[in-house]
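Here are the chains, one letter per residue:
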Amino acid sequence: AIEKRLEKFKEDQQSRLEQLREAQEISQRRGDAIQINQKLVDEAINVVRSALATGIDWDELEQLVIDQQRKENPVAQIISELRLSENRIELTLLEDPFDESSDVLQVSVDVSQSAQGNARAYFNQKRQATFKEARAEETASGALKAAERRAQIDVKRLATKASISLARRSYWFEKFHWFISSEGYVIVGGRDMQQNEMLWRRYLQKNDVYVHAEVHGAASVIVKNPSGNPIPPLTLQQGSCCAKG
């Protein structure tokens, strides 16, 4: 269980670092795609800006874009979605416009910024993700060392507990009902008829006191007295109570 917890911790830290690396890569790619398609991106932004400046209805503007796409207008064709409530538009850009087989990337741009302004925003996101990755690696390293130390302590604690458990001596009376009287005497009682008979036949010794109640189903009880000294009344009373159940 300890090893599984440690492994899960490592996996979580690694997953976090991979997410930050992916964020860096996608931000860099989007910034590069905007720059390499700068003319088309600026034209798309300016078309939307100009239309909004006329007070055109958003639904009407969306229909206008669809109509221009049907006419294969190259600027309209890169617009995949209008997110005007956020002042943004989604563009579909070739990562290499000179190679039609190159990867296509979805890029969200702010229509209040130029193409260069949007590219800079993505490059800033990339730098922030790089900084976060460095901080996360540093934090993860320290956290992993701390987790490993805790795991080692837990393993040692469990090993110590196991060794103590193995080393502990098991006493004969532990299979019976038993307790220590207020004055330090071991009092043992049978759990059933078989144990009752076993107690007085096998374990009743000289100086011990046998206690039994004249009640159906009462337990046979032995007050162990290895010292041979008189057993105090309180201990005898506690033995009697045990016999009565």
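Above this text is the structure in question.
Keep in mind the model is a prediction, meaning the values are calculated, not measured.

Peer 1: I'm lost on helix α6 (residues 193-203) in this one. Help?
Peer 2: Every α-helix winds through 3.6 residues per turn, so residues three or four apart in the chain are directed the same way. Within the sequence span of α6, burial applies to Gln195, Asn196, Leu199 and Tyr203. When α6 is viewed along its axis, its buried side chains cluster within an angular range of 110° and face the same direction. Opposite the buried face of α6, by more than 90 degrees, sit the exposed residues Met193, Gln194, Arg201 and Arg202. Of the surrounding secondary structure, the elements contacted by the buried residues of α6 are β5 (186-189) and β7 (221-223).

Peer 1: What should I look at first to understand the sheet that holds β5 in this one?
Peer 2: By definition, the strands of a sheet pair up through backbone hydrogen bonds, in either a parallel or an antiparallel sense. Ordered in space as β4-β5-β7-β6, the four strands form an open sheet in which the pairing is antiparallel. Strand pairing shows two members of the sheet lacking a second neighbour, β4 (177-180) and β6 (209-211), which therefore form its edges. Averaged over all pairs of adjacent strands, the angle between their axes in this sheet comes to 20°, without regard to strand direction. Both β6 and β7 contribute to a ladder of three bridges, which runs antiparallel.

Peer 1: What is the right way to look at the environment of Pro74 in this model?
Peer 2: Residue position: Pro74 is located in helix α4 (residues 74-77). On the basis of relative accessible area, Pro74 is assigned to the partly exposed category, the value being 48%.

Peer 1: Help me out: how do you make sense of the nonpolar core in this one?
Peer 2: Most often, soluble globular proteins keep nonpolar side chains buried together rather than apart. Core analysis: the biggest nonpolar cluster contains 26 residues, and Ile34 and Leu91 have the highest contact counts within it. Those elements that provide at least two residues to this core are α1 (2-36), α2 (38-53), α3 (58-70), β1 (79-83), β2 (88-94), β3 (104-110) and α5 (115-167). Among the elements that make up this core, the one with the highest residue count is α2 (five residues). Grouped together as the second largest cluster of nonpolar side chains are eight residues, Ile187, Val211, Ala219 and Ala243 included.

Each value, and the rule that gives it
Residues numbered from 1 in each chain as written. Predicted model: local features only at pLDDT ≥ 70, side-chain atom pairs only at ≥ 80, totals over all residues. Heavy atoms only, no water. Buried < 20%, exposed > 50% of the residue type's maximum accessible area, 1.4 Å probe, protein only. Helix = DSSP H or I, 4+ residues; strand = E, 2+ residues; numbered from the N terminus. Arc of directions from axis to C-beta. Contact = heavy atoms within 4.5 Å. Pairing = 2+ DSSP bridges. Axes fitted to C-alpha atoms, helices over the stretch in contact; angles between N-to-C directions. Core = buried A, V, L, I, M, F, W, Y, C linked by side-chain atoms within 4.5 Å.

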